[in-house]
Amino acid sequence: MPIYEYTCKACHKDFEELVFGAGDTVKCPACGSTKTEKLMSCSCFKTSDGQGGYSLPASSGGCSGCSGGNCSSCK
Ligand SMILES: [Zn+2]
């Protein structure tokens, strides 16, 4: 299952969400707003911009966001 990164337009919190199907409404876990926007990149692009906790796998064929190399960003 893909994990996508979203940002909340209401409180500007970034979070990740498992997405089971297209068109799902994603709620912000912080404020409950549904005004969320999917970010184009997955967390394998995330560096040291304040989120932390993510490390780029050397050559395991996946990233911490999609766990298996099945997102368009980590091929
Ligand atoms: Zn929010």
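The structure reproduced in this document is the subject of the present report.

What counts, and at which threshold
Residues numbered from 1 in each chain as written. Predicted model: local features only at pLDDT ≥ 70, side-chain atom pairs only at ≥ 80, totals over all residues. Heavy atoms only, no water. Helix = DSSP H or I, 4+ residues; strand = E, 2+ residues; numbered from the N terminus. Contact = heavy atoms within 4.5 Å. Buried < 20%, exposed > 50% of the residue type's maximum accessible area, 1.4 Å probe, protein only. Donors = N, O, S within 2.8 Å, 3.2 Å for Na, K, Ca; no water. Tetrahedral: all angles 85-135°; square planar, octahedral: opposite > 155°, others 65-115°.

## Considerations on the environment of lysine 13
Here is step 1: Tracing the backbone through its elements, the reader meets lysine 13 in the loop between β1 (3-8) and β2 (14-18).
Here is step 2: Each C-alpha atom of the pair lysine 13 and proline 29 lies 8.8 Å from the other, and the pair is 16 residues apart in sequence.
Here is step 3: The residues touching lysine 13, leaving out its near neighbours within four places in the chain, are Tyr6, Thr7, Cys8, Pro29 and Ala30.

## Side note on unusual backbone geometry
Here is step 1: At histidine 12, a residue that is not glycine, the phi angle is positive and equals roughly 65°.
Here is step 2: Judged by its relative accessible area of 63%, histidine 12 is exposed.

## Overview of the coordination of the zinc ion
Between any two of four tetrahedral donors, the ideal angle at the metal is 109.5 degrees; between two of six octahedral donors, it is 90 or 180 degrees.
Here is step 1: Coordination sphere of the zinc ion, protein contribution only: Cys8 (SG), Cys11 (SG), Cys28 (SG) and Cys31 (SG), at 2.3 Å.
Here is step 2: Coordination at the zinc ion is tetrahedral, judged from the 4 donor atoms that bind it and the angles of 106 to 116° they form at the metal.

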